[in-house]
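# Examination of the molecular architecture
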Amino acid sequence: MKRTVLVATMLALGVSFAVAQDPIAARKALMKKNGDEAKVGTSFMKGEAAFDLAKAKAIFATYADTASKAPSLFPDTSKTGGETAALPAVWEKKADFDAKLKKFGEDAKDAAAKVTDEASFKTVFPTVQKNCGGCHETYRLKKS
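Rules and cut-offs
- Residues numbered from 1 in each chain as written.
- Predicted model: local features only at pLDDT ≥ 70, side-chain atom pairs only at ≥ 80, totals over all residues.
- Heavy atoms only, no water.
- Helix = DSSP H or I, 4+ residues; strand = E, 2+ residues; numbered from the N terminus.
- Buried < 20%, exposed > 50% of the residue type's maximum accessible area, 1.4 Å probe, protein only.
- Polar contact = N/O pair within 3.5 Å; in protein donor to acceptor, adjacent residues only side chain to side chain.
- Core = buried A, V, L, I, M, F, W, Y, C linked by side-chain atoms within 4.5 Å.
- Contact = heavy atoms within 4.5 Å.
- 1 Å grid on protein atoms, 1.4 Å probe; cavity = no way out; pocket = protein on both sides within 12 Å on 5 of 7 lines; lining within 4 Å.
- Points joined across faces, edges and corners; volume = space filled by probe spheres on them.
- Nonpolar A, V, L, I, M, F, W, Y, C, P; charged D, E, K, R; others polar.
- Axes fitted to C-alpha atoms, helices over the stretch in contact; angles between N-to-C directions.
- Parallel < 35°, antiparallel > 145°, perpendicular 65-115°, else oblique.
- Left-handed = near helix turned anticlockwise from the far one by under 90°.
- Expected span 1.5 Å × (residues − 1).

Our next topic: the environment of D96. Positionally, D96 belongs in helix α5 (residues 94–114). Under the relative-accessibility criterion, D96 is labelled partly exposed at 34%. Counting along the chain gives 39 residues from D96 to C135, while the straight-line C-alpha distance between them is 9.7 Å. There is a polar contact of 2.4 Å between the side chain of D96 and the side chain of Y139.

Mapped onto the secondary structure, A111 falls in helix α5. Separated by 13 residues in the primary sequence, A111 and V124 have C-alpha atoms spaced 5.8 Å apart.

So, on to the nonpolar core. By size, the foremost hydrophobic cluster in this structure holds 18 residues, and its most contacted members are I59, F60, Y63, F121 and V128. The set of elements that each furnish at least two residues to this core consists of α2 (23–45), α3 (53–69), α5 and α6 (118–139). Looking at which element gives the most residues to this core, the answer is α3, with 6 residues. Filtering out sequence-adjacent residues up to four positions away, V128 remains in contact with F60, Y63, F104, D107, A108 and A111.

Turning our eyes to something else, we now look at the layout of surface pockets. Over the atoms rolls a probe the size of a water molecule, and its path tells where empty space is left. By volume, the largest pocket amounts to about 640 Å³. R27, M31, A85, H136 and R140 are the residues nearest the centre of the largest pocket, which is lined by 28 residues in total. Listing elements by their share of the lining of the largest pocket, those giving two or more residues are α2, α3, α5 and α6. Examining the composition of the lining of the largest pocket, we find that 8 residues originate from one element, α2, more than from any other. Within the lining of the largest pocket, the residues separate by chemical class into 14 nonpolar, 7 polar and 7 charged.

Two numbers describe how α3 lies on α6: the axes approach to 12 Å, and their chain directions differ by 20 degrees. Taken together, the axes of α3 and α6 are roughly parallel relative to one another. The interaxial crossing formed by α3 with α6 has left-handed handedness. Here A56, I59, F60 and Y63 of α3 come into contact with α6, specifically with F121, V124, F125, V128 and Q129. Taken together, the residues that form the contact of α3 with α6 break down as 8 nonpolar, 1 polar and no charged.

Moving on: α3. Here α3 is 17 residues long and its end C-alpha atoms lie 24 Å apart, about the 24 Å a rise of 1.5 Å per residue gives. Residues of α3 that are buried include every one of A56, I59, F60, T62, Y63, A64, T66 and A67, and no others. Structurally, the start of α3 carries an N-cap: the backbone nitrogen of A54 is 2.9 Å from a side-chain oxygen of D52.

On to unusual backbone geometry. Positioned with a positive phi, E83 is a non-glycine residue whose angle comes to about 50 degrees. Topologically, E83 is positioned in the loop between α3 and α4 (89–92).

In this fold, S120 is placed in helix α6. Overall, S120 belongs to the buried group, its relative accessible area being 16%. With near-sequence residues (within four places) excluded, S120 lies in contact with K114 and V115.

Below you can see the structure in the form of structure tokens.
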């Protein structure tokens, strides 16, 4: 039993270490989580899922977490490889890119504080989503 727990712990640490050493993989994981949360929010907006305040707040918490972690996941050494969708503009306009992430995080925190029910969620969610999509317009390779 102890050996199994030890092996499982070592594997988990190894995976965490590998992701930490690969900024492309780490940022892809963050962005995937954002995408998953955006789907939940969109389902609330469209009435496809019953509104859940805890889930709504979790969306904005995920966004704020991404905004705080993402700037460090775009070092110069990660311009290519790992099937990155980041455009060269990320590094060419790094100050703007970082500022957009900062605004995204601030808006996500503000939205989380304002959301108390479905109506308030439907008011703030589109604004935060617009920030997210706006960054993609300039800094992310468009999917074909």
